[in-house]
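Descriptive analysis of the structure
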Amino acid sequence: MRRALASGSRRKTVAQAALLAAQSRCLCAPALPPGVLTTHYKKRDRATDERWADVDMERFADNTDLLIVGGGPAGLAAAIRFKQLCNEQGLEHRVTVLEKAPLIGAHTLSGAVLEPRALFELFPDWEERGAPLHTPVSSDRMGYLTESSRLPLPILSGTPVDNHGNYIVRLGNFVAWLGEQAEELGVEVYTGQGGVEVLYNEDGAVVGVATNDVGVGKDGAPKGSFERGMELRAKATLFAEGCRGSLSKEVIEQFDLAADSEPQTYGIGLKELWRIDPAKHKPGTVEHTAGWPADNNTWGGSFLYHLDDPDGDTLVSCGYVVALDYTNPYLNPFKMFQTWKTHSSVRPTFEGGERLSYGARALNEGGFQCIPKLTFPGGALVGCAAGFLNVPKIKGTHTAMKSGMLAAEAAFEGICALPEAEAEDEDEAPFVGPVADLSPYQPAFDASWVREELYSVRNARPAAHATPLGMLGAFGYLGVVHYLLRGKEPFTLSHGGADWSRLKPASECKAVEYPKPDGEVSFDLLSSVALTGTNHEGDQPPHLTLKDDSVPVARNLAIYDGPEQRFCPAGVYEYLQPDEPDGEPRLQINAQNCIHCKTCDIKCPSQNIDWVVPEGGGGPAYAGM
């Protein structure tokens, strides 16, 4: 059975229209009682809520063979590889991909320079198939910025920063193309459907997921349009939600998958797409910088890629990445990005141009030390759900795709080894097991080039904290130790703890002053959020849930001066001052602004924020970001 898909992209063509629409949604949404911030059913038990006493809570269940939660590079590569194996052996197995975005690729955001290694393995004929890789890298530059100058950095052949043979891509378009290839092979792709609950059988094995309920009011009560989510039950479930996926986080905790790995460390990547003056456009040019406006103790850097658009448009994608292990609660990643564009060596590229879109996304930066155990009864983690980004390469699509392919091969063997169910039972009864054995995925990963690649650069990221030299220490490691030993050094550095734990109290830090946006190359946050096209139903429980509604004011504001209002790249969190002299400040959560970056879930110093999936189809509407 196919469920009706959510409506298509809600992207606005004019930033002003998007902004007005966002403001209108906020005005129409009902207000919550004072002090109440969390009403989502993942946090509030409806069994004790009399408003739900007479509501039918039965869910429709559908069975599939392989369920993949997340329609990004890893999930789609897994679906494609599984179907390829089915076709090679003449077998019919059902493959279902569940994607929360209204369209495949609509929530995808990355730089991006693509290393095509995994793509060649998946589709040796990718060029004939029309893969949207239009821009081979022709020029590669790196630099170190100070406030007033730019120092060139060498790019040595064969090192992680060497982009020879790679392609500049708009990753959302590439992911959409992967979705087309998957559907041509018979994969069922359900968009606008977010997985909100992991399903377990009586033995504790994962047997699928449930999609979120719709028609629930902001106050947590059922509306007249209430409809229960559905259960998708499977013999094997792959979690491919990307960085800090909500269900991936649950299974990592449920099965203690991170027991033998370090806590994951993250970054936030902010990106814009521009149309620039044709005289300044250099298709195939890749530029990266480190340094200013980040200080030497903050891992940060920029990218600037000139695209060769098939329609002749003079597009560049640019962005700034800030590691989330920073210590100063006054640091503002969005303002750092805007400030970077004002540098004397960067600004000329954008002068006279037009900013077309904006977005942000958290990314895994922990690498080898932070990879959890990949399998558990009934399922596995693939792609950025596990954390396969190669930080010094600034790439993770190729490793994500390969991990999905390896997991698909293990799932295929595991499903084929299961006893055949009687047709009547398979069609009518909700699947409860037995589940496929995916354990061969772990040794396959350990023997793969993905593991080898990540191991070789394992010390690059933590080198910034291993010595008092900060970022200069990381440069020294990459330029000397890694260049000479290529990862064969007899030691592995530690990241030193979770990102949220590094934040210092505001009393120990200085406020950071950023220049005001000039409206030409640098911009304010609200007009930027309008360019994301983000849209959520206003009358639904906020999906930015809190474990304790009192913590933001009592701890985050009191000790850290409310860092969530600065680290969020979409203006979701806002501390409002009281109107009365003796009143208390309060936190306002503008959930409609959320662009699903997951930064709040990662960096909250109280670990009080739990990001869950909103009603299907909600979120940003990125166009080839």
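Residues numbered from 1 in each chain as written. Predicted model: local features only at pLDDT ≥ 70, side-chain atom pairs only at ≥ 80, totals over all residues. Heavy atoms only, no water.

**Re the overall build of the chain**
On a plain count of helices and strands, the chain comes out with 17 helices and 24 strands. Against the 2.2 N^0.38 benchmark of 25 Å for 625 residues, the chain shows a C-alpha radius of gyration of 24 Å, consistent with a compact globule. For the C-alpha atoms alone, the extent of the chain along its principal axes is close to 70 × 65 × 50 Å. Taken across its 625 residues, the chain has 59% of its residues classed as buried. The long-range fraction of contacts in the chain, counting pairs at least 24 apart against all pairs at least 6 apart in sequence, stands at 80%. Here the chain has roughly 24,900 Å² of accessible surface; of this, 51% comes from carbon and sulfur atoms. (Helix = DSSP H or I, 4+ residues; strand = E, 2+ residues; numbered from the N terminus. Rg over C-alpha atoms; globule rule 2.2 N^0.38 Å. Buried < 20%, exposed > 50% of the residue type's maximum accessible area, 1.4 Å probe, protein only. Contact = heavy atoms within 4.5 Å. Areas by Shrake-Rupley, 256 points an atom, 1.4 Å probe, with all protein chains shown as cover.)

**Things to note about a negative patch on the surface**
A cluster of like negative charges, contributed by D579, E580, D582 and E584, occupies part of the molecular surface. The class for E580 is partly exposed, based on a relative accessible area of 46%. (Patch = residues over 30% accessible without salt bridge, like charges linked within 9 Å, V, L, I, M, F, W, Y side chains within 5 Å. Salt bridge = Lys/Arg side-chain N within 4 Å of Asp/Glu carboxyl O. Lys, Arg positive; Asp, Glu negative; His and termini not counted. Charge placed at Lys NZ, Arg CZ, Asp CG, Glu CD.)

**Brief notes about a nonpolar patch on the surface**
On the surface, L156, V480, Y483, L484 and L485 cluster together into a nonpolar patch covering about 450 Å² of accessible area. Structurally, V480 is set in helix α13 (residues 471-485).

**Some points on the pairing of strand β17 (residues 315-323)**
When you tally the buried positions in β17, you get nine out of nine residues, the bulk of the element. In β17, alternate side chains face the same way, and those of L315, S317, G319, V321 and A323 on one face and V316, C318, Y320 and V322 on the other are all buried. Pairing geometry for strand β14 (residues 266-275) and β17, over nine bridges, is antiparallel. Looking across to β17, one finds that G267 is bridged to A323. (Pairing = 2+ DSSP bridges.)

**Things to note about the sheet that holds strand β16 (residues 300-306)**
The sheet built from seven strands is open, its strands ordered β6-β5-β15-β16-β17-β14-β18 with mixed pairing. A strand with exactly one partner marks an edge of an open sheet, and here the two such strands are β6 (150-153) and β18 (354-364). Each strand axis lies, on average, 20 degrees off the axis of its neighbour in the sheet, ignoring direction. Sheet topology note: the strand β5 (residues 139-145)/strand β15 (residues 285-291) ladder contains seven bridges and is parallel. Bridging from a neighbouring strand, L145 pairs with G291 of β15. (Axes fitted to C-alpha atoms, helices over the stretch in contact; angles between N-to-C directions.)

**With respect to the domain arrangement of the chain**
As assigned here, the chain comprises domain 1 (61-133 + 171-263 + 365-421 + 428-458) and domain 2 (135-168 + 266-364 + 498-624). Residue-level contacts link 51 residues of domain 1 with 53 residues of domain 2. Regarding the contact of domain 1 and domain 2, the summed buried area is about 4,000 Å², with carbon and sulfur atoms giving 54% of it. Its largest share of buried area at the contact with domain 2, domain 1 owes to L109, R244 and E365, together 19% of the area lost on that side. The salt bridge partner of D539 is K223, with a shortest N-O separation of 3.8 Å. Linking domain 1 with domain 2 are 20 residue pairs in polar contact (both at pLDDT 80 or more). For the side of domain 1 that touches domain 2, the elements supplying multiple residues, two or more each, are β3 (113-114), α4 (171-184), β9 (195-200), β11 (214-216) and α5 (246-254). At three residues, the largest contribution of residues to the side of domain 1 that touches domain 2 is made by β11. (Domains from an automatic or database assignment. Buried area = accessible area lost by both parts, 1.4 Å probe. Polar contact = N/O pair within 3.5 Å; in protein donor to acceptor, adjacent residues only side chain to side chain.)

**Things to note about the sheet that holds strand β4 (residues 135-136)**
Strand-to-strand pairing in sheets goes through backbone hydrogen bonds, with the strands running parallel or antiparallel. Ordered by their spatial adjacency, three strands build an open sheet running β3-β7-β4, and the pairing between neighbours is antiparallel. Strand pairing shows two members of the sheet lacking a second neighbour, β3 and β4, which therefore form its edges. Across two bridges, the pairing between β4 and strand β7 (residues 167-168) is antiparallel. Note that in β7 the partner of T135 across the bridge is I168.

**Here we look at the side chain of S317**
Relative to the helices and strands, S317 is located in strand β17. For S317, a relative accessible area of 1% puts it in the buried group. Polar side-chain contacts of S317 include one of 3.0 Å to the backbone oxygen of G111. Apart from residues lying up to four places away in sequence, S317 is in contact with G111, K271, E272, L273, F303, L304, Y305 and L307.

**Comments concerning the nonpolar core**
Core analysis: the biggest nonpolar cluster contains 77 residues, and F239 and Y441 have the highest contact counts within it. It is helix α8 (residues 397-416) that provides the largest number of residues to this core, a total of ten residues. Discounting residues that sit within four places of it in the chain, F239 has contacts with V69, V198, V206, V209, L247, S248, V251, F376, A380, L381, V382 and A385. (Core = buried A, V, L, I, M, F, W, Y, C linked by side-chain atoms within 4.5 Å.)

**Describing the pattern of salt bridges**
Considering all chains together, one arrives at 35 salt bridges under this definition. Put simply, D601 and K249 hold a salt bridge, and the shortest N to O gap is 2.7 Å. Of this pair, D601 sits in helix α17 (residues 599-603) while K249 sits in helix α5, and the two are 352 residues apart along the sequence. Its relative accessible area of 1% is what places D601 among the buried residues. The class for K249 is partly exposed, based on a relative accessible area of 24%. The closest approach of N and O atoms between E354 and R275, which form a salt bridge, is 2.9 Å. Remark: R275 occurs in strand β14 and E354 occurs in strand β18; sequence separation between them is 79 residues. For R275, a relative accessible area of 30% gives the class partly exposed.

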